[in-house]
Amino acid sequence: MATLARDIPRPRIFARINRDILATLANPGPGWFAMMAVVLAVLAFGIFCLLYQIRNGLGVTGYANSVYWAVYITNFVFWVGIAHSGTLISAILFLFRSRWRTSVYRVSEMMTVFAVMTAGLFPLIHLGRIWKFYYLLPYPNSRMLYPDFQSPLIWDTFAVSTYFTISSTFLFMGLIPDLAAARDAAEPGSWRHRLYRALSFGWQGTDREWRHFNRGYVFLAALATPLVLSVHSVVSWDFAAGIVPGWHSTIFAPYFVAGAIFSGVAMVITLVVPLRKWFGLEDYLDRNTFDNMAKLIVLTSSIVTYAYLTEFFMAWYSGSPFEKGTFWDRVSGDYWWAGWTMLICNSVVPLACWSRKVRRSIAAMFVISIFINIGMWFERFVIIVQSLQHDYLPAAWGPYKGPTWVEYGITAGSFAWFLMYFLIGIKILPSVSVNEVKEAPPEALLKRLAAEGEPVAAERGR
Amino acid sequence: MAAHTLPAGSAVQPLTPEEARAEILAAGERQPPGWLLPLFGMLAIVGFGWFAVRVASGDDPHPWRIYLQNLMLFTGIAQGAVMYTVAMTVAKAKWGRPVRRLAESFVLFLPVAFLLSLPLYGVMDQLWPWVEHPVEAKQAYLNPGFFTIRGVVGMLLLFGLSLCFVYHSLRPEVGRLRDSVQGRRRDVYDRLSAGWRGDVEEAERSDARRTLLAPILALVFAVTYSLLAWDYLMSLDPHWYSTLFGAWIFMSAFLSGIAATGILVAWVPRWLGLERYWTPSHRHDQGKMTFAFATFWAYLTWSQFIVIWYGKLAEDWPYLLHRGQHYPAVVIAMLLLVWFIPWVGLMGIAPKRNPVTLSLFSGILLLGLWVKLWLLIVPSVSPETRSMLGLDELLVTLGFAGLFALTTTLFLRTFPVLDTRDAHLIVPYRPIQPHP
């Protein structure tokens, strides 16, 4: 006879959780190496494209009159956006006491840090003379001239570097108890043991340590929360502070933040679906987790759709021929296909998530998440390229002549760069939080343990 | 987290759910102080009387502006509080269940608000400048007929759905309790539970309806309240537009609903002698929500400001410039009252848990939102720079406040102030685990 889930002794559950999650850190097999080889090859091509661009100048891109921000800035905004769900899930949902976050927050935090590392490359790639990058830093030149602090590009430097600092600290701090568990499981003397011993700061799991850990975690969560809003708001002001029609819009900050969370959650789903299969973590990343992430998608997709509709309405209501022209051009001009891709992928496809059946179907959510990733990339492309190629001066109108193979190569390289870190990350760091999952073991795991039958007498006694 | 200590005395004695239900129901029978209802009535009569005299005795449109301002404020509170319960339903927030009924208690103002909005359509020419001087490019949207249809249909839809949502919160309860009450309450309970199908089925049915309605209501709220914001407030300056305006106004309404609920959470338990059902933790959570959404309001305000300030375009910059140059004190007062003072005041743990400070800062916040609406309305339409401290402002506001308090008291005296189905969640009193 199967045991009731509540009768399963805690130590048995905890031991199983340790075993299941730490098993993901086993030495990688041929599949991992094959993927890594592909990723490195693409990355090498991306690096080649970058070197080619540095050698030959930005003329190798498709920049044309009035369109000097294009795929690179699109990629920058895309990757910063991807980085958002991590902190939302780990910090904001933590403060809101959403229990479902526990199994998925680690992987989204890892994704956050790697995505910011990817995003940070693009302002540099976008520079014609990349070796002059230090002009972005708030540091005076030899004539004691500082960069323009009223420039949103400088705000970006601050916002992104702050976000990187806090999100990586937050990731690392949450890892300490888990790394200690990994240390205890690792073979003494192995490189893993030495690494985990150094990174876990001698964590023993005493009451005092937990007390400090919990306090610190709450404070960091409270610090990270405003960052979720501020980073992408600042990115949005890169555009909204300009006066280009289609950019100068007050709704940009909250709209970008919602869009960032939207794309971030979609990317988490895209990554977690293969991961749970690969690592056999189906009990941890269960249907409830997907259901809840899909609800976040419904919410953020609704906000993004609200912003789209408001912008179209206001362009019409404003009576301004420039605003009207830009927004009409979005759905009927040279880039109509990009505009409609954005609207369909971000507003229409996610409507499926209103159905509980779809939310709880992992295959369906995987497909929808891919659509959203594509749609959100195109959203940034539409905002940037389409607005720039249709601004105030009809004489300057003209489509952007790209993306060229260099831009495609660097874009593909950025995905490879991100995946390289991700592949390394999931083999070194536990991709599901060991310590938080123990606080609320997932239903599916309890059911499985219960089905496995009576615990042995020694376990029951405790 | 501060140590949780049990309050001294009888408040910690465990009760059975039946005893708890009886106690909550009996609290509704307690007579409020004899002067309270007459006071609210007097406020309403004096306020609306003054308004009637002012309107009848001259062609100064100013009283109508203050009327619009207060209509938007109190509608915002009532609707925002319903949305607060909608958000809790969508998020399956367990902590908020004892707070829910208090947030629902403003809902009776919604039908009143609908009635109060009707006279505005009769004096549109006094309030909205585009009626007398139509803006050609916007005539398809800004014309009196379409404006009226949008307002009436939008309000009917939004308020109707809100009432339906609250109805499904009340129905399973009043049906079960209808034999325990007499007199007026019995009539109301019988009417609300007509066609009763039995306790369990009704509860399941109503919960299913609420789960279904909540996201729909959220969408309807965002859309209709944006339209209301653009029509009633933004079009006062028909040349100005801002894409964030609708969202800013509906989030302000949401914030005002949370803040007003905070005042009830602080005091209703004490007034009704039901302190054992609300713990300091509930006030703490309530305070956190107020703190968070006040900050979010500041974020939206800033997002709207920075873009306009940075662009300095002829289309939108004058709107801010005019307010900054002619009403600097009002602008500063708004920022201090809505955000800065509540933000500083509610930052600590103790002020959130203390009923006096929680309600004080919530009240300050509401006052700030009142100032905000004044700032959106009066400078747009008043040719001369006016002071915010006038008799119209004082008396019309008091009139609305009196009416609002009357509807709220009526609700609180009719329905159990705590969903008695939730009584088992908190009885016997037990400290909730400390949590961020």
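Residues numbered from 1 in each chain as written. Chains lettered and ligands numbered in written order. Predicted model: local features only at pLDDT ≥ 70, side-chain atom pairs only at ≥ 80, totals over all residues. Heavy atoms only, no water.

1. Here's the deal with the overall build of chain A
Consideration 1: For chain A, the helix and strand inventory stands at 19 helices and zero strands.
Consideration 2: Against the 2.2 N^0.38 benchmark of 23 Å for 462 residues, chain A shows a C-alpha radius of gyration of 24 Å, consistent with a compact globule.
Consideration 3: Principal-axis analysis of the C-alpha atoms gives chain A an extent of 85 × 55 × 40 Å.
Consideration 4: Put simply, chain A has 462 residues, and 57% of those count as buried.
Consideration 5: Taking the contacts inside chain A whose residues are at least 6 apart along the sequence as the reference set, 82% of them involve residues at least 24 apart.
Consideration 6: Here chain A has roughly 19500 Å² of accessible surface; of this, 68% comes from carbon and sulfur atoms.
Consideration 7: Placing the 38 positive and 28 negative side-chain charges of chain A at their respective mean positions leaves the two points 4 Å apart. (Helix = DSSP H or I, 4+ residues; strand = E, 2+ residues; numbered from the N terminus. Rg over C-alpha atoms; globule rule 2.2 N^0.38 Å. Buried < 20%, exposed > 50% of the residue type's maximum accessible area, 1.4 Å probe, protein only. Contact = heavy atoms within 4.5 Å. Areas by Shrake-Rupley, 256 points an atom, 1.4 Å probe, with all protein chains shown as cover. Lys, Arg positive; Asp, Glu negative; His and termini not counted. Charge placed at Lys NZ, Arg CZ, Asp CG, Glu CD.)

2. Focus on the overall build of chain B
Consideration 1: Broken down by element type, chain B carries 18 helices and zero strands.
Consideration 2: Over its C-alpha atoms chain B spans a radius of gyration of 22 Å, differing by no more than 12% from the 22 Å that the globule rule assigns to 436 residues.
Consideration 3: Counting only C-alpha atoms, chain B reaches 65 × 50 × 40 Å along its principal axes.
Consideration 4: For chain B, the share of sequence-separated contacts (at least 6 apart) that also reach a separation of at least 24 residues comes to 83%.
Consideration 5: Surface summary for chain B: the accessible area is close to 17300 Å², and the carbon and sulfur share equals 69%.
Consideration 6: Distance between charge centres in chain B, computed from 35 positive and 30 negative side chains, equals 7 Å.

3. Section: the layout of surface pockets
Residues and elements named next belong to chain B.
Consideration 1: Considered as a void within the structure, the second largest pocket measures approximately 1000 Å³ in volume.
Consideration 2: If you go around the second largest pocket, you meet 34 residues; those closest to its centre are Phe 40, Ile 263, Leu 264, Trp 271 and Ala 405.
Consideration 3: At the level of elements, α1 (17–29), α2 (36–56), α3 (62–91), α11 (245–271), α16 (355–381) and α17 (391–414) are the ones that each hand at least two residues to the lining of the second largest pocket.
Consideration 4: Among the elements that take part in the lining of the second largest pocket, α17 stands out by supplying ten residues, more than any other.
Consideration 5: Here the residues of the lining of the second largest pocket sort into 25 nonpolar, seven polar and two charged. (1 Å grid on protein atoms, 1.4 Å probe; cavity = no way out; pocket = protein on both sides within 12 Å on 5 of 7 lines; lining within 4 Å. Points joined across faces, edges and corners; volume = space filled by probe spheres on them. Nonpolar A, V, L, I, M, F, W, Y, C, P; charged D, E, K, R; others polar.)

4. Concerning the confidence of the model for chain A
Consideration 1: Residue-level pLDDT values for chain A average 88, and 97% of them are 70 or greater.
Consideration 2: Taken as a whole, residues 456–462 of chain A scores under 50 in pLDDT and shows six contacts with residues more than four places along the chain or in a different chain. (pLDDT = per-residue confidence, 0-100.)

5. Here we look at the interface of chain A and chain B
Consideration 1: Tallying the contact residues gives 38 residues for chain A and 43 residues for chain B.
Consideration 2: Contact between chain A and chain B buries roughly 3300 Å² in total, counting both sides, with carbon and sulfur atoms accounting for 69%.
Consideration 3: Considering only the surface of chain A that becomes buried against chain B, Arg 97, Thr 250 and Tyr 317 of chain A emerge as the three largest contributors, covering 23% of it.
Consideration 4: Between Arg 97 of chain A and Asp 285 of chain B there is a salt bridge, with its nearest N and O atoms 2.8 Å apart. (Buried area = accessible area lost by both parts, 1.4 Å probe. Salt bridge = Lys/Arg side-chain N within 4 Å of Asp/Glu carboxyl O.)

6. Details of the nonpolar core
Consideration 1: Trp 128, Tyr 232, Leu 233 and Phe 245 of chain B are the most contacted members of the largest nonpolar core, which has 281 residues in total.
Consideration 2: The leading source of residues in this core is helix α10 (residues 252–279) of chain A, at 18 residues. (Core = buried A, V, L, I, M, F, W, Y, C linked by side-chain atoms within 4.5 Å.)

7. A closer look at the packing of aromatic side chains
Consideration 1: In total, this model carries 87 aromatic pairs over all chains according to the counting rule given.
Consideration 2: With a centroid separation of 5.0 Å and 90° between ring planes, the pair formed by Trp 32 of chain A and Phe 33 of chain A is classed as edge-to-face.
Consideration 3: A relative accessible area of 11% means that Trp 32 of chain A is categorised as buried.
Consideration 4: Each member of the aromatic cluster is reached from another via a ring pair, and the members are Phe 48, Phe 51, Trp 64, Tyr 67, Phe 74, Phe 106, Phe 109, Phe 400 and Phe 404 of chain B.
Consideration 5: Lying across the ring of Phe 146 of chain B, Arg 150 of chain B places its NZ or CZ 4.4 Å from the centre.
Consideration 6: We note Arg 210 of chain B situated over the ring of Phe 165 of chain B; from NZ or CZ to the ring centre the distance is 4.3 Å. (Phe/Tyr/Trp six-rings, centres within 6.5 Å; stacked < 30°, edge-to-face > 60°. Lys NZ or Arg CZ within 6 Å of the ring centre and 35° of its normal.)

8. Things to note about unusual backbone geometry
Consideration 1: If you check the backbone angles, Ser 66 of chain A has positive phi at about 70° while not being a glycine.
Consideration 2: Structurally, Ser 66 of chain A is set in the loop between α2 (30–56) and α3 (71–82).
Consideration 3: Located in the positive-phi region is Lys 92 of chain B, a residue other than glycine, with phi close to 50°.
Consideration 4: Assignment of secondary structure puts Lys 92 of chain B in the loop between α3 and α4 (97–104).

9. Section: the packing of helix α4 (residues 84–95) of chain A against α10 of chain A
Residues and elements named next belong to chain A.
Consideration 1: The interhelical angle for the contact between α4 and α10, taken along N-to-C directions, is 85°, at an axis separation of 7 Å. Looking at the two axes, α4 sits roughly perpendicular to α10. The residues of α10 that touch α4, namely those facing His 84, Ser 85 and Leu 88, are Ala 260, Ile 261, Gly 264, Val 265 and Val 268.
Consideration 2: Classifying every residue of the contact of α4 with α10 gives five nonpolar, three polar and no charged. (Axes fitted to C-alpha atoms, helices over the stretch in contact; angles between N-to-C directions. Parallel < 35°, antiparallel > 145°, perpendicular 65-115°, else oblique.)

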